[in-house]
Amino acid sequence: MQPVYSEKEVLADALTAEKTATTLYNTFSNECVHESVRNAILDCLEKEHDIQQEVFTMMHDRGLYPTPSADTQKVEEAKQKYGQCMQSF
């Protein structure tokens, strides 16, 4: 008898696979010498990010990946912190 996996297990595995794929495509794109190959890898990276977002949204919408609400003050602190970082560029 084959094991039966829950929806949560299947989606969590898919999310992990997408996270791994995006990490690898990002590394490959950083190490490409040829622009055409780099562009192809970046295209794959973008598509993998889209798939990752779809899987995450499916899990979140089904209550399989709950995310607690952020404290308003902490959100404002993060905006200030990272907003300052972006101004330095």
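Above this text you will find the structure in question.
Residues numbered from 1 in each chain as written. Predicted model: local features only at pLDDT ≥ 70, side-chain atom pairs only at ≥ 80, totals over all residues. Heavy atoms only, no water.

Let's talk about the nonpolar core
Then, number 1: Residues Leu-11, Leu-15, Val-55, Met-59 and Leu-64 constitute the largest nonpolar core, which totals 5 residues.
Then, number 2: In contact with Met-59, other than residues within four places in its own chain, are Lys-8, Leu-11, Ala-12, Leu-15, Leu-64 and Tyr-65. (Core = buried A, V, L, I, M, F, W, Y, C linked by side-chain atoms within 4.5 Å. Buried < 20%, exposed > 50% of the residue type's maximum accessible area, 1.4 Å probe, protein only. Contact = heavy atoms within 4.5 Å.)

Description of the pattern of salt bridges
Then, number 1: In this structure the tally under the stated criterion is 3 salt bridges.
Then, number 2: The salt bridge partner of Arg-62 is Glu-7, with a shortest N-O separation of 2.6 Å. Here Arg-62 is found in the loop between α2 (35-61) and α3 (72-87), whereas its partner Glu-7 is found in helix α1 (residues 7-30), with 55 residues between them in sequence.
Then, number 3: By relative accessible area, Glu-7 is classed as partly exposed at 45%. (Salt bridge = Lys/Arg side-chain N within 4 Å of Asp/Glu carboxyl O. Helix = DSSP H or I, 4+ residues; strand = E, 2+ residues; numbered from the N terminus.)

So, α1
Then, number 1: The first and last C-alpha atoms of α1 sit 35 Å apart over 24 residues, in line with the 34 Å expected at 1.5 Å per residue.
Then, number 2: Listing the buried residues of α1 in full gives Leu-11, Leu-15, Glu-18, Ala-21, Thr-22 and Ser-29.
Then, number 3: Summarising the contacts, the buried residues of α1 are in contact with α2. (Expected span 1.5 Å × (residues − 1).)

As for α2
Side chains of residues three or four places apart in an α-helix project in the same direction, reflecting 3.6 residues per turn.
Then, number 1: In this model, α2 (27 residues) spans 39 Å end to end at C-alpha, consistent with the 39 Å of a helix rising 1.5 Å per residue.
Then, number 2: Those residues of α2 that sit buried are Ile-41, Leu-45, Glu-48, Gln-52, Val-55 and Met-59.
Then, number 3: On its buried face, α2 sits against α1.
Then, number 4: One or two steps after α2, the chain reaches Gly-63, where phi turns positive at roughly 75 degrees.

Things to note about the environment of Asp-13
Then, number 1: Along the chain, the position of Asp-13 falls in helix α1.
Then, number 2: The exposure class of Asp-13 is exposed, given its relative accessible area of 54%.
Then, number 3: The sequence separation of Asp-13 and Val-55 amounts to 42 residues, and the corresponding C-alpha distance is 10.0 Å.

Here we look at the side chain of Glu-48
Then, number 1: Position of Glu-48 among the secondary structure elements: in helix α2.
Then, number 2: For Glu-48, which is buried and forms no salt bridge, the nearest opposite charge comes from Lys-47, at a distance of 9.0 Å.
Then, number 3: In contact with Glu-48, other than residues within four places in its own chain, are Glu-18, Ala-21, Thr-22 and Tyr-25. (Lys, Arg positive; Asp, Glu negative; His and termini not counted.)

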